Amino acid sequence: MRALMTLLLSALPLTALLLAGCSAGVQTEPADTERFAAGGYQTYAWRRPALPVEGSGADSIYQLDPVLRAAVEETLAGKGYRRVEDNPDFLVDYVAATGFLDGAVSRSADNVNYRAAAVPNRNVDQASIDNAYALGTVRETANIAVILFDAAKGDAVWNVRISKIIEDRNRVNTELARRAIRQGLRTLPDAPR
């Protein structure tokens, strides 16, 4: 438990990515749902308690935790899963971490020469050059992994990784976080009736 908390607290810059407002889209990588669907799960609980609100200051993990939990609960309820305190079918957990996305030169700017000997006016407009510089840098990303565990066996039965490029760490965007979670959990099947 202490190791998980240390991991979460060291991942603060990553969590800011999910909370930050930016123009780039959210990327999700959901696992195959076959194993989860075969379990016939209907009820869930959180694997670990929520982070305490008091004394958290401006630490982004403390800002993310309640938003993330509310979005997960809202999405799971919409799919027919019920949150229970005792004897859940599956447990929900998440891990937040920062990452980096390598830059890529835009295809429209593939004739841009970055050497000082570049010849001006060779079918390259300034916008293509600006895009090549902007897109060619390494970008910091915020990554959230939502993991579902079989409560009886303790085995992970499904997960999704959610990534977003961080552009503004100073603004908490709860609607963006909610959309990212909904998008990440969209492939999870509805609860059996």
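Engineer: Pulling in residues and values, what's your account of the side chain of Arg69?
Structural biologist: Position of Arg69 relative to the elements: it lies in helix H4 (residues 60–78). Within the local environment of Arg69, its side chain forms a polar contact with the backbone oxygen of Arg48, the two atoms lying 3.1 Å apart. Side-chain polar atoms of Arg69 contact the backbone oxygen of Pro49, separated by 3.1 Å. Arg69 has contacts with Trp46, Arg48, Pro49 and Ala50, leaving out every residue within four places of it along the chain.

Engineer: Hey, could you go over the nonpolar core for me, with residue numbers and the actual values?
Structural biologist: Among the nonpolar cores identified, the biggest contains 30 residues, and Phe36, Phe90, Val92 and Leu148 are the most heavily contacted of them. Aside from chain neighbours lying at most four places away, what touches Leu148 is Phe36, Phe90, Leu91, Val92, Asp155, Ala156, Val157, Trp158 and Leu188.

Engineer: Give a description of the environment of Gly154 that names residues and reports values.
Structural biologist: Structurally, the position occupied by Gly154 is in the loop between strand S5 (139–150) and strand S6 (156–165). Overall, the relative accessible area of 44% leaves Gly154 in the partly exposed class. Residues Gly154 and Leu91 lie 63 residues apart in sequence; the distance between their C-alpha atoms is 8.5 Å.

Engineer: Mind laying out helix H6 (residues 174–184), listing which residues take part and the relevant values?
Structural biologist: An α-helical segment advances 3.6 residues per turn. Residues three or four places apart therefore align on the same side. Among the residues making up H6, those that are buried are Leu176, Ala177, Ala180, Ile181 and Gly184. Within H6, the buried residues cover an arc of 135° as seen down the axis, which keeps them to one side.

Engineer: If you had to explain the pairing of strand S2 (residues 43–46) to someone new, which residues and values would you point to?
Structural biologist: Residue alternation in S2 divides its side chains into two sets, Thr43 and Ala45 and Tyr44 and Trp46, and both sets are buried. The sheet contact formed by S2 and strand S3 (residues 82–83) spans two bridges and is parallel. Residue pairing in the sheet places Thr43 in a bridge with Arg82 of S3.

Engineer: Describe in detail the pairing of S6, supporting the description with residues and values.
Structural biologist: S6 sits mainly inside the fold: seven of its ten residues count as buried. Alignment of strand S1 (residues 27–30) against S6, held across four bridges, turns out to be antiparallel. Within the sheet, the bridge partner assigned to Glu29 lies in S6 and is Arg161.

Definitions and cut-offs
- Residues numbered from 1 in each chain as written.
- Predicted model: local features only at pLDDT ≥ 70, side-chain atom pairs only at ≥ 80, totals over all residues.
- Heavy atoms only, no water.
- Helix = DSSP H or I, 4+ residues; strand = E, 2+ residues; numbered from the N terminus.
- Polar contact = N/O pair within 3.5 Å; in protein donor to acceptor, adjacent residues only side chain to side chain.
- Contact = heavy atoms within 4.5 Å.
- Core = buried A, V, L, I, M, F, W, Y, C linked by side-chain atoms within 4.5 Å.
- Buried < 20%, exposed > 50% of the residue type's maximum accessible area, 1.4 Å probe, protein only.
- Arc of directions from axis to C-beta.
- Pairing = 2+ DSSP bridges.

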